[in-house]
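Architecture at a glance
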Amino acid sequence: MHNAPFLIIGATGKTGRRIAQKLQAGGYMVRHGSRHAERPFDWEDPSGWAAALEGVSAAYVSYFPDLAVPQAPAAITRLVETARAAGLKKLVLLSGRGEANAERCEEIVRESGIDFTLVRASWFFQNFDEGQLLGSVLGGTIAMPAGEVREPFIDIEDIADVAVAALTEDGHAGELYEVTGPQLLSLADVAEAITQACGRTVEYLPVTFEQFHAALSEQAGPEMADMLTALCREVFDGRNESLADGVQRALGRAPRDFSAFCRQAAASGVWNLPAEAQSA
Ligand SMILES: NC(=O)c1ccc[n+]([C@@H]2O[C@H](COP(=O)([O-])OP(=O)(O)OC[C@H]3O[C@@H](n4cnc5c(N)ncnc54)[C@H](OP(=O)(O)O)[C@@H]3O)[C@@H](O)[C@H]2O)c1
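Residues numbered from 1 in each chain as written. Predicted model: local features only at pLDDT ≥ 70, side-chain atom pairs only at ≥ 80, totals over all residues. Heavy atoms only, no water.

An unreviewed UniProt entry lists the protein under the name NAD(P)H-binding protein, with Hoeflea poritis given as the organism.

The following block contains the structure:
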C-alpha cells in the first residue's frame, strides 16, 4: 500500500477527475494537479511544478489542451526533468492515437529513466456529453471534417480504470496500452446512436476543414480552431480505423460499448438541455 500521494495532473478534467475519484474510493491518497489546488499546477508556469511533485510516489499526466500542440514536447521534457529531480517513481501519460506530436511526448517519457506506462487513447465517448462536441449534440448537428472515416471511440471510464491499474499495480511498467472502444464508428453512426438514446434527432454533417475552422473560430476562438483543425487533418485520414487491445491487456476485460454510454448519458438528461446551457 502506498503511503505517498498520487499526483493527478488534470484532476478537474474529464479523465483526471475520474482517476482521482477511483483512487480515493480505493483508499489511496491523491494530490490534485490543478491551477486551483493548494500546490497549484499550471502548464504555463513551471515554477510551481517541483512543489506539486514533492513527496509524490507516482503521477498521472493529462496535458492541456492537447499533446498535439507544438509546445507540448517542451513542456513534457521539463515536467520529466522536474519529476526526476523530485524522485518520482512512476509516470502514467495519457497520449493520443495516431498523433505525431503525442508520440514525441511518449518518447520523452520512455527515455526519462522513470518507470512509465503509456495510455494511447482513441477519441473519447465523453467528447459528446462533457467535451467540445456537447454543444453540437445540443444544437442537433455534429459538423466535422471526418467524411466517412470511422473511429474506435472509447469510454473514459475505461481509460481511468487502465490508469488506476497502472498507478497502483505491478506489471504495467514499460507498457504501451493502445486503448480503443470495441467498435469502429463513423460520426453518422454516433449521431444515430445518440438520436436513438435521447429521442431527439441529431445529425452528422460532413464539412471541409476550412468550414470547420471558420465555425470553430467563431465559437471557441482562433487558437482552439487552429489546434483542432490541425488535429482533425492529421487523424481523420483512416489511420485510426482499427481496434486495439489495450483495455483487454491492462484489465483482462473488454472495453465498454458506445450504446450503453449513450443510454446512460441520455438518462442523465444532459442531451435534453437547451443548446445555450452547454457553456454553463
Ligand atoms: N478528447 C479526446 O478525444 C482525446 C483523445 C485522446 C487523447 N486525448 C488527450 O487528453 C488530454 C486531455 O485530457 P482530459 O480530456 O482529461 O482533460 P480536460 O478535460 O481537457 O482538461 C483537464 C484540465 O486541464 C486543466 N487546465 C486548463 N488549463 C491549464 C493550464 N494552463 N495548466 C494546467 N492545467 C490546466 C483544467 O483544470 P484546472 O482549471 O483545475 O486547472 C482542466 O480541468 C489531452 O492531452 C489530449 O491529448 C484526448
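Past the structure itself, the notes keep going.
1. What about unusual backbone geometry?
Excluding glycine, residues mostly carry a negative phi; peptide bonds, for their part, are mostly trans. A cis amide bond links Phe-64 with the next residue in sequence, Pro-65, at an omega value of 5 degrees. Along the polypeptide, Pro-65 turns up in the loop between strand E3 (58-61) and helix H3 (72-85). (Helix = DSSP H or I, 4+ residues; strand = E, 2+ residues; numbered from the N terminus.)

2. A short note on the sheet that holds strand E5 (residues 115-121)
Read from one edge to the other, the open sheet built from 6 strands follows the order E2-E1-E3-E4-E5-E8, with strand pairing classed as parallel. The sheet is open, and its two edges are formed by strand E2 (30-33) and strand E8 (176-179), each paired on a single side. Neighbour-to-neighbour, the strand axes of the sheet open up by a mean angle of 15 degrees, direction not taken into account. Where E3 meets strand E4 (residues 90-96), 4 bridges bridge the pair, whose relative direction is parallel. Each bridged residue has a counterpart across the sheet, and for Ala-58 the counterpart in E4 is Lys-90. Here helix H6 (residues 156-168) sits on the sheet in contact with strand E1 (6-9), E3, E4, E5 and E8, set at roughly 155 degrees to E4. (Pairing = 2+ DSSP bridges. Axes fitted to C-alpha atoms, helices over the stretch in contact; angles between N-to-C directions. Contact = heavy atoms within 4.5 Å.)

3. Digging into the environment of Ala-121
Structurally, the position occupied by Ala-121 is in strand E5. The spacing of Ala-121 and Gly-96 is 25 residues in sequence and 5.0 Å in space, taken between C-alpha atoms. Excluding residues that lie within four positions of it along the chain, Ala-121 makes contacts with Leu-94, Ser-95, Gly-96, Arg-97, Ile-159 and Val-179.

4. Quick word on the nonpolar core
Of all hydrophobic cores here, the largest spans 67 residues; its most connected members are Trp-43, Ile-76, Phe-128, Met-144, Ile-194, Phe-258 and Trp-271. Counting contributing residues per domain, this core is built from domain 1 (6-121) and domain 2 (124-153 + 182-240 + 256-280), each supplying no fewer than three. If you look at the next biggest cluster of nonpolar residues, it comprises 28 residues, including Ile-19, Leu-23, Ile-156 and Val-247. (Core = buried A, V, L, I, M, F, W, Y, C linked by side-chain atoms within 4.5 Å. Buried < 20%, exposed > 50% of the residue type's maximum accessible area, 1.4 Å probe, protein only. Domains from an automatic or database assignment.)

5. Concerning the site of the ligand
What surrounds the ligand is a group of 25 residues, the closest being Thr-12, Thr-15, Ser-34, Arg-35 and Tyr-63. Within the backbone of Lys-14, an N or O atom sits 2.9 Å from an oxygen atom of the ligand. Within the contact set of the ligand, a nitrogen atom lies 3.0 Å away from a side-chain nitrogen or oxygen of Asp-42. Alone, the ligand offers 930 Å² of accessible surface; in the complex the protein occludes 88% of this. Taken together, the elements giving at least two residues each to the shell around the ligand come down to helix H1 (14-25) and E4. (Near = heavy atom within 4 Å. Polar contact = N/O pair within 3.5 Å; in protein donor to acceptor, adjacent residues only side chain to side chain. Areas by Shrake-Rupley, 256 points an atom, 1.4 Å probe, with all protein chains shown as cover.)

6. Brief notes about the domain arrangement of the protein
Taken domain by domain, the protein holds domain 1 (6-121) and domain 2 (124-153 + 182-240 + 256-280). The gap between the C-alpha centroids of domain 1 and domain 2 is 26 Å. Taken together, the contact pairs 14 residues of domain 1 with 12 residues of domain 2. Sorting the residues of domain 1 by area buried against domain 2 places Lys-14, Arg-97 and Gly-98 first, and these three jointly supply 43% of that buried surface. Ionic pairing is found between Arg-18 and Glu-130, a salt bridge with its closest N-O pair at 2.5 Å. Looking at the side of domain 1 that touches domain 2 element by element, the count peaks at 4 residues for H1. (Buried area = accessible area lost by both parts, 1.4 Å probe. Salt bridge = Lys/Arg side-chain N within 4 Å of Asp/Glu carboxyl O.)

7. Focus on the pattern of salt bridges
With the rule as written, the count across this model stands at 19 salt bridges. Residue Arg-120 pairs with Glu-106 through a salt bridge whose shortest N-O separation is 2.7 Å. In this pair, Arg-120 sits in strand E5 while Glu-106 sits in helix H4 (residues 100-110), placing the two residues 14 residues apart along the sequence. Residue classification places Arg-120 among the buried positions, given a relative accessible area of 12%. Taking the shortest distance from any N to any O, the salt bridge between Asp-237 and Arg-239 comes out at 3.0 Å. Residue classification places Arg-239 among the partly exposed residues on the basis of a relative accessible area of 40%.

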